[in-house]
Amino acid sequence: VQLAPNNAECLFSLACLLHEEEGELKQAQRLLERALRVLPRHVPSLYQLGSMAEDRGEDAEAASLFQRALDIDDTYVPLLTTYAGMLDGEGRREEAKELWEKAMRVKPEDGSIRRDMGRHMEEAGDTDAAYHHYQEALRLAPHDVPTLNCMAQFKWEILGDTKE
């Protein structure tokens, strides 16, 4: 941090490293807050602080940070998908669906977004749409194990298909 105390990207990167690799949550949070003092509209820092708040069970704080970031840049895919997952978990399915659809428009080649949308549609009871999204996810990433698992479970539980 001594090397670039006023570089928001550097502070953000170091905070992520501390958070993910070292488990230094307090230090990571301080660095992210510092990044926002340097660059108040730094979406990755707002997103990361929101994710950390969600991890702590502080959903109102997380939603506030996520919304603040969305107001700045509504094309940041990690934000769109994470916030969609949080809203979906709260039963706010239409809002979640809108964010996943936006993420798919921003990054149409990302099969994991389609997989998540498939889960959302499956839980909402729209099996046709769920199947479509799982198929699209597999077309985009045919060897993605989480997507293969979702499709297998979907076929087993929903369609009653016991074939491999």
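As the structure is a prediction and not an experimental result, all values here were calculated from the model.

**Looking at the nonpolar core**
And then number 1: Ranked by internal contacts, the top residues of the largest apolar core, which has 45 residues, are Phe66, Leu79, Tyr83 and Leu99.
And then number 2: Residue contributions to this core peak at seven residues, all from helix 5 (residues 77-89).
And then number 3: The residues touching Leu79, leaving out its near neighbours within four places in the chain, are Val43, Tyr47, Phe66, Ala69, Leu70 and Asp73.

**Re the environment of Lys107**
And then number 1: Here Lys107 is to be found in the loop between helix 6 (93-106) and helix 7 (111-123).
And then number 2: A C-alpha to C-alpha distance of 9.7 Å links Lys107 and Tyr76, two positions 31 residues apart in sequence.

**Some words on the confidence of the model for the protein**
Segments scoring low in pLDDT should not have their predicted coordinates read at a detailed level.
And then number 1: Confidence along the protein averages 89 in pLDDT terms, with 93% of residues attaining 70 or more.
And then number 2: Helix 1 (residues 8-22) is the least confidently modelled element of the protein, averaging 79 in pLDDT, while helix 4 (residues 59-72) averages 97, the highest of any element.

**Notes on helix 9 (residues 145-159)**
And then number 1: The end-to-end C-alpha distance of helix 9, which contains 15 residues, comes to 20 Å, matching closely the 21 Å that a straight helix rising 1.5 Å per residue would cover.
And then number 2: Taken together, the buried positions of helix 9 are occupied by Thr147, Cys150, Met151 and Phe154. Across the axial projection of helix 9, the buried residues extend over an arc of 95 degrees, all falling on one side. Structural note: helix 9 exposes Val145, Trp156 and Glu157 on the side pointing more than 90 degrees away from its buried face.
And then number 3: Where the residues of helix 9 are buried, they touch helix 7 and helix 8 (127-140).
And then number 4: Note on helix 9: the residue one or two positions beyond its end, Gly160, has a positive phi of about 70 degrees.

**Details of a nonpolar patch on the surface**
And then number 1: There is a patch of nonpolar side chains on the surface, built from Tyr131, Ile158 and Leu159 and spanning about 250 Å² of accessible area.
And then number 2: Mapping Ile158 onto the fold places it in helix 9.

**Thoughts on the pattern of salt bridges**
And then number 1: Overall, the coordinates contain eleven salt bridges when judged by the stated rule.
And then number 2: When the shortest N-O distance is used, the salt bridge between Glu90 and Arg92 registers 3.1 Å.
And then number 3: Judged by its relative accessible area of 34%, Glu90 falls in the partly exposed class.
And then number 4: One salt bridge in this structure joins Asp116 and Arg119, with 3.4 Å as the shortest N-O distance. Of this pair, Asp116 and Arg119 both sit in helix 7, separated by three residues, roughly a single helical turn.

**Some points on the side chain of Gln48**
And then number 1: Locating Gln48 in the fold gives a position in helix 3 (residues 43-55).
And then number 2: For Gln48, a relative accessible area of 8% translates into the label buried.
And then number 3: Dropping the residues within four chain positions of it, Gln48 is found in contact with Phe12, Cys16, His19 and Leu32.

Cut-offs applied
- Residues numbered from 1 in each chain as written.
- Predicted model: local features only at pLDDT ≥ 70, side-chain atom pairs only at ≥ 80, totals over all residues.
- Heavy atoms only, no water.
- Core = buried A, V, L, I, M, F, W, Y, C linked by side-chain atoms within 4.5 Å.
- Buried < 20%, exposed > 50% of the residue type's maximum accessible area, 1.4 Å probe, protein only.
- Helix = DSSP H or I, 4+ residues; strand = E, 2+ residues; numbered from the N terminus.
- Contact = heavy atoms within 4.5 Å.
- pLDDT = per-residue confidence, 0-100.
- Expected span 1.5 Å × (residues − 1).
- Arc of directions from axis to C-beta.
- Patch = residues over 30% accessible without salt bridge, like charges linked within 9 Å, V, L, I, M, F, W, Y side chains within 5 Å.
- Areas by Shrake-Rupley, 256 points an atom, 1.4 Å probe, with all protein chains shown as cover.
- Salt bridge = Lys/Arg side-chain N within 4 Å of Asp/Glu carboxyl O.

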